[in-house]
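Structural overview for review
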Amino acid sequence: MIRVFENIDICSRNSFKVHQQAAKIIEFDCNSDLTEIFAQHITDKWMVMGGANNILFTCDVKYPIIVPRNEKIEILCENELGVDIRVGAGLEWDELVAWSVERGLWGLENLSLIPGKVGAAPVQNIGAYGAEAKDCITSVEMFFPEQGGFVTLAAEHCGFGYRESVFKHTLKGRVIITAVTFHLSKSAQPKLGYGDVEREVESRGGVSLTNIREAICAIRRTKLPDTAITGNAGSFFKNPIVERNLAEQLIAIYPQMPHYPTADPEKVKLAAGWLIDQCGLKGYSEGNVGVHNRQALVLINTTGNATGNEVITFAKKVQKIVTDKFGIAIEAEVNIL
Ligand code: EPU
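Our subject in this report is the structure included herewith.

Rules and cut-offs
Residues numbered from 1 in each chain as written. Predicted model: local features only at pLDDT ≥ 70, side-chain atom pairs only at ≥ 80, totals over all residues. Heavy atoms only, no water. Pairing = 2+ DSSP bridges. Helix = DSSP H or I, 4+ residues; strand = E, 2+ residues; numbered from the N terminus. Axes fitted to C-alpha atoms, helices over the stretch in contact; angles between N-to-C directions. Contact = heavy atoms within 4.5 Å. Parallel < 35°, antiparallel > 145°, perpendicular 65-115°, else oblique. Nonpolar A, V, L, I, M, F, W, Y, C, P; charged D, E, K, R; others polar. Salt bridge = Lys/Arg side-chain N within 4 Å of Asp/Glu carboxyl O. Buried < 20%, exposed > 50% of the residue type's maximum accessible area, 1.4 Å probe, protein only.

**What to know about the sheet that holds strand β6 (residues 73-78)**
Strand order in the open sheet formed by five strands is β6-β7-β12-β10-β11, with antiparallel pairing between adjacent strands. Strands at the two margins of the open sheet, each flanked by one partner only, are β6 and β11 (149-154). Averaged over all pairs of adjacent strands, the angle between their axes in this sheet comes to 20°, without regard to strand direction. Here helix α1 (residues 32-40) sits on the sheet in contact with β10 (137-144), β11 and β12 (176-185), set at roughly 160° to β12. Against the sheet, helix α2 (residues 93-102) makes contact with β6, β7 (82-88) and β12, and its axis sits at roughly 25° relative to β12, the strand it touches most.

**Structural notes on the packing of α2 against helix α4 (residues 209-223)**
For the pair α2 and α4, interaxial distance at closest approach is 9 Å and the crossing angle is 155°. With respect to their mutual orientation, α2 and α4 come out roughly antiparallel. Contacts between α2 and α4 involve Asp94, Val97, Ala98 and Val101 from the first element and Leu209, Thr210 and Arg213 from the second. The residue inventory of the contact of α2 with α4, partitioned by class, reads four nonpolar, one polar and two charged.

**Comments concerning the pattern of salt bridges**
Pairs may arise between side chains of opposite charge once their charged atoms sit close together. If you walk through the whole model with that rule in mind, you get 25 salt bridges. Notably, a salt bridge pairs glutamate 27 with arginine 3, separated by 3.1 Å at the nearest N-O pair. In this pair, glutamate 27 is assigned in strand β2 (residues 21-28) and arginine 3 in strand β1 (residues 2-9), connecting sequence segments 24 residues apart. Residue classification places glutamate 27 among the buried residues on the basis of a relative accessible area of 5%. The class for arginine 3 is partly exposed, based on a relative accessible area of 24%. Salt-bridge contacts for glutamate 333 lead to arginine 163; the nearest nitrogen and oxygen are separated by 3.2 Å. Taken together, the residues glutamate 333 in the loop between α7 (308-326) and β20 (335-336) and arginine 163 in the loop between β11 and β12 connect sequence positions 170 residues apart. The same class applies to glutamate 333 as to arginine 163, namely buried. One continuous salt-bridge network, built from bridges that share partners, spans Arg3, Arg13, Glu27, Asp29 and Arg69.

Next comes the structure, spelled out in structure tokens:
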């Protein structure tokens, strides 16, 4: 089924809660709806929107916005080792995590409470607490309007990296992700190595899927703003990956600076939140925009009246202050429209 909404304010449909007008929003439930949508509603440009948890709108959207609504979870195959599932792009990500934890299936628990829809998960390869969506994704199904048909891309062809995928590059604006398939494991594979996770899990009675999910939810609730109350898009910036030499010079000056190895031994990942915090910006605000007071990587719509352009002006100021102090450029993780 297709539902069309015309000339509406997208404030309630984007997590930053900025007010902009959308000329047309088209929601669809089934894959077969897409052919009709492209025949009847699309003449030129279009875009896809999930929960808009990672999009900052800076202007009205004059072309159609397509929104997948399929929330179905199908079991494709199951054996004593694990389960393969196909999940509709429109399902809320955390509902999938809750579903997997309830069934004793391992793999997604560290990604508890990440806002957004399943269809957005492969786009930026969502990650948290030592896990990434790519660890469980086996393929991504999509509609490819240029070809007029559906394509399934195996995970190894999705170009997954740290907050990266082909969907942000060669396939950007060219496909509509309709479903994602995952492999989840029946044997315990706890990932407790990140930050406070192990301590929080122990305090709940030790390793179990439920305890890991509860621990991660508790950590996230203490550090990240509640989108239902305060507009934000999670981490506004990516953690910068820098040359090992530069990281070593900085560690000599700031021995407490968090740093993480990457797949490339010559590159080191730094914590943008720590860099912003060290600039004294945590909790700082100007006008309607601020740096969250418990996690400096998150920019917030402090008054509810921020415009996308105000957020960008503020973000540029934060980037400049960090570059002036540390000589490091931090890039936006959020998609700016
Ligand atoms: N830090 C500070 N001050 C801050 C924020 C962080 O000193 O204001 C320090 C922390 O103490 C820690 C380090 O920086 O030593 C890293 O902080 P944290 O563990 O909070 O994680 P992060 O690197 O800032 C990333 C993800 C988050 C994810 C967490 C946990 C990115 C861009 N962000 O943040 O993802 O929840 O790790 O795994 O990679 C998101 O993408 O929206 C998001 C919230």
